[in-house]
Amino acid sequence: MRLSMHSKLNWPGLAALGVCLGIMLSLSFSAVAQDRAPAALPMEELRVFSEVFARIKRDYVDQVDDKKLITDAIAGMVAGLDPHSAYLRRDEFREMQVGTRGEFGGLGIEVGMEDGAVKIISPIDDTPASRAGVQPVT
(Lines give C-alpha, C1' and ligand atoms only; values in the text may rest on other atoms or scores of the structure.)
Protein backbone atom coordinates (compact mmCIF):
# COMPACT_ATOMS: atom_id res chain seq x y z
CA MET A 1 0.00 0.00 0.00
CA ARG A 2 1.47 3.38 -0.99
CA LEU A 3 1.06 5.81 1.86
CA SER A 4 2.06 9.45 1.92
CA MET A 5 3.57 10.82 5.10
CA HIS A 6 2.18 14.35 4.77
CA SER A 7 -1.55 14.02 4.00
CA LYS A 8 -4.32 15.68 5.97
CA LEU A 9 -7.08 13.68 7.68
CA ASN A 10 -10.13 13.35 5.44
CA TRP A 11 -13.11 13.93 7.73
CA PRO A 12 -15.76 13.44 5.02
CA GLY A 13 -14.32 9.97 4.43
CA LEU A 14 -14.50 9.13 8.11
CA ALA A 15 -18.03 10.49 8.26
CA ALA A 16 -19.01 8.26 5.33
CA LEU A 17 -17.51 5.26 7.12
CA GLY A 18 -19.43 6.18 10.26
CA VAL A 19 -22.67 6.39 8.31
CA CYS A 20 -21.95 3.02 6.68
CA LEU A 21 -21.21 1.36 10.02
CA GLY A 22 -24.26 3.04 11.57
CA ILE A 23 -26.50 1.67 8.85
CA MET A 24 -24.99 -1.78 9.31
CA LEU A 25 -25.61 -1.60 13.04
CA SER A 26 -29.17 -0.34 12.67
CA LEU A 27 -30.10 -3.02 10.16
CA SER A 28 -28.65 -5.71 12.44
CA PHE A 29 -27.88 -7.77 9.40
CA SER A 30 -31.50 -8.33 8.36
CA ALA A 31 -30.23 -10.84 5.80
CA VAL A 32 -29.85 -13.38 8.61
CA ALA A 33 -32.59 -15.99 8.43
CA GLN A 34 -35.62 -14.94 10.45
CA ASP A 35 -35.71 -18.18 12.43
CA ARG A 36 -32.19 -17.60 13.78
CA ALA A 37 -31.14 -14.91 16.17
CA PRO A 38 -28.77 -12.46 14.46
CA ALA A 39 -25.14 -12.84 15.45
CA ALA A 40 -23.52 -10.06 17.43
CA LEU A 41 -21.47 -7.68 15.32
CA PRO A 42 -17.70 -8.25 15.64
CA MET A 43 -16.97 -4.82 17.12
CA GLU A 44 -13.20 -5.31 17.41
CA GLU A 45 -12.92 -6.30 13.74
CA LEU A 46 -15.14 -3.37 12.71
CA ARG A 47 -12.88 -1.06 14.74
CA VAL A 48 -9.85 -2.40 12.86
CA PHE A 49 -11.70 -1.93 9.55
CA SER A 50 -12.49 1.64 10.56
CA GLU A 51 -8.86 2.32 11.43
CA VAL A 52 -7.59 0.90 8.13
CA PHE A 53 -10.20 2.91 6.22
CA ALA A 54 -9.12 6.09 8.03
CA ARG A 55 -5.44 5.33 7.44
CA ILE A 56 -6.00 4.86 3.71
CA LYS A 57 -8.03 8.07 3.52
CA ARG A 58 -5.36 9.96 5.49
CA ASP A 59 -2.09 8.53 4.19
CA TYR A 60 -2.55 6.86 0.81
CA VAL A 61 -0.56 8.66 -1.87
CA ASP A 62 -3.63 9.12 -4.12
CA GLN A 63 -7.09 10.24 -3.07
CA VAL A 64 -9.49 7.28 -2.99
CA ASP A 65 -13.26 7.56 -3.34
CA ASP A 66 -15.17 6.41 -0.23
CA LYS A 67 -17.74 4.46 -2.24
CA LYS A 68 -14.99 2.62 -4.14
CA LEU A 69 -13.20 1.68 -0.93
CA ILE A 70 -16.35 0.33 0.67
CA THR A 71 -17.52 -1.46 -2.49
CA ASP A 72 -14.09 -3.06 -2.91
CA ALA A 73 -14.12 -4.10 0.77
CA ILE A 74 -17.52 -5.77 0.31
CA ALA A 75 -16.34 -7.45 -2.91
CA GLY A 76 -13.29 -8.82 -1.10
CA MET A 77 -15.39 -10.04 1.81
CA VAL A 78 -17.77 -11.96 -0.49
CA ALA A 79 -14.96 -13.29 -2.73
CA GLY A 80 -13.23 -14.66 0.36
CA LEU A 81 -16.18 -16.95 1.15
CA ASP A 82 -15.51 -19.47 -1.62
CA PRO A 83 -14.36 -19.54 -5.25
CA HIS A 84 -17.95 -19.32 -6.53
CA SER A 85 -19.15 -16.21 -4.69
CA ALA A 86 -18.79 -12.67 -5.98
CA TYR A 87 -20.29 -9.28 -5.16
CA LEU A 88 -21.78 -7.64 -8.23
CA ARG A 89 -22.59 -3.97 -8.64
CA ARG A 90 -26.12 -3.27 -9.88
CA ASP A 91 -25.03 -2.95 -13.53
CA GLU A 92 -22.91 -6.12 -13.33
CA PHE A 93 -25.85 -8.00 -11.79
CA ARG A 94 -28.20 -6.91 -14.59
CA GLU A 95 -25.63 -7.99 -17.19
CA MET A 96 -25.23 -11.36 -15.48
CA GLN A 97 -29.02 -11.86 -15.48
CA VAL A 98 -29.16 -11.18 -19.21
CA GLY A 99 -26.26 -13.56 -19.82
CA THR A 100 -27.81 -16.40 -17.82
CA ARG A 101 -31.44 -15.99 -18.87
CA GLY A 102 -31.02 -18.51 -21.68
CA GLU A 103 -31.71 -16.17 -24.58
CA PHE A 104 -28.95 -15.31 -26.99
CA GLY A 105 -30.20 -12.51 -29.21
CA GLY A 106 -27.04 -12.37 -31.31
CA LEU A 107 -27.65 -15.93 -32.48
CA GLY A 108 -31.40 -15.80 -32.08
CA ILE A 109 -31.90 -18.94 -30.00
CA GLU A 110 -33.35 -19.73 -26.62
CA VAL A 111 -31.45 -22.51 -24.88
CA GLY A 112 -31.88 -24.61 -21.77
CA MET A 113 -30.19 -27.51 -20.03
CA GLU A 114 -31.38 -31.10 -20.29
CA ASP A 115 -29.49 -34.06 -18.84
CA GLY A 116 -26.39 -31.89 -18.45
CA ALA A 117 -26.36 -30.80 -22.10
CA VAL A 118 -27.29 -27.50 -23.70
CA LYS A 119 -30.49 -27.87 -25.70
CA ILE A 120 -32.04 -25.47 -28.24
CA ILE A 121 -35.54 -24.69 -27.01
CA SER A 122 -36.55 -22.48 -29.92
CA PRO A 123 -35.27 -19.93 -32.41
CA ILE A 124 -36.30 -16.34 -31.72
CA ASP A 125 -38.41 -14.73 -34.46
CA ASP A 126 -36.62 -12.49 -36.99
CA THR A 127 -33.10 -13.54 -36.01
CA PRO A 128 -30.29 -15.25 -37.92
CA ALA A 129 -31.20 -18.61 -36.35
CA SER A 130 -34.86 -18.45 -37.42
CA ARG A 131 -33.91 -17.29 -40.92
CA ALA A 132 -31.43 -20.19 -41.17
CA GLY A 133 -34.18 -22.65 -40.23
CA VAL A 134 -32.77 -23.72 -36.84
CA GLN A 135 -35.26 -26.06 -35.15
CA PRO A 136 -35.59 -27.02 -31.49
CA VAL A 137 -34.25 -30.39 -30.39
CA THR A 138 -37.13 -32.71 -29.65
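Residues numbered from 1 in each chain as written. Predicted model: local features only at pLDDT ≥ 70, side-chain atom pairs only at ≥ 80, totals over all residues. Heavy atoms only, no water.

1. A closer look at the confidence of the model for the protein chain
- Per-residue pLDDT for the protein chain has a mean of 76; in total, 65% of the residues score no lower than 70.
- Highest mean pLDDT in the protein chain belongs to helix α2 (residues 43–59) (94); lowest belongs to strand β1 (residues 103–104) (54).
- Confidence drops under pLDDT 50 across residues 1–9; counting only partners more than four residues distant or on other chains, this segment forms 20 contacts.
- Throughout residues 28–33 the model reports pLDDT below 50, and contacts reaching past four residues in sequence, or to other chains, amount to 5 contacts. (pLDDT = per-residue confidence, 0-100. Helix = DSSP H or I, 4+ residues; strand = E, 2+ residues; numbered from the N terminus. Contact = heavy atoms within 4.5 Å.)

2. Side note on helix α3 (residues 66–79)
- Between its terminal C-alpha atoms α3 stretches 20 Å, which fits the 20 Å expected from 14 residues at 1.5 Å a residue.
- Buried within α3 are the following residues: D66, L69, I70, T71 and V78.
- You can read the cap of α3 off the contacts: a side-chain oxygen lies 3.3 Å from the backbone nitrogen of K67, and it is on D65. (Expected span 1.5 Å × (residues − 1). Buried < 20%, exposed > 50% of the residue type's maximum accessible area, 1.4 Å probe, protein only. Polar contact = N/O pair within 3.5 Å; in protein donor to acceptor, adjacent residues only side chain to side chain.)

3. Re α2
- Taking 1.5 Å of rise per residue, the 17 residues of α2 would be expected to cover 24 Å, and the 24 Å separating its terminal C-alpha atoms lies within 8% of that figure.
- Those residues of α2 that sit buried are L46, F53, A54, I56, K57 and D59.

4. Some points on the pairing of strand β3 (residues 117–123)
- Alignment of strand β2 (residues 109–114) against β3, held across 6 bridges, turns out to be antiparallel. In the strand pairing of β3, V111 is matched with I120.
- Linking β2 to β3, which pair antiparallel, is a turn of 2 residues; within it D115 sits at a positive phi near 55 degrees. (Pairing = 2+ DSSP bridges.)

5. Let's talk about the pattern of salt bridges
- A full pass over the atoms with the stated rule returns 8 salt bridges.
- The residue E51 makes a salt bridge to R47 at a minimum N-O spacing of 2.2 Å. Of this pair, E51 and R47 both sit in helix α2, separated by 4 residues, roughly a single helical turn.
- The class for E51 is partly exposed, based on a relative accessible area of 45%.
- Taking the shortest distance from any N to any O, the salt bridge between R89 and D91 comes out at 3.6 Å.
- Its relative accessible area of 42% is what places R89 among the partly exposed residues.
- On the accessibility criterion, D91 (44% relative accessible area) is partly exposed. (Salt bridge = Lys/Arg side-chain N within 4 Å of Asp/Glu carboxyl O.)

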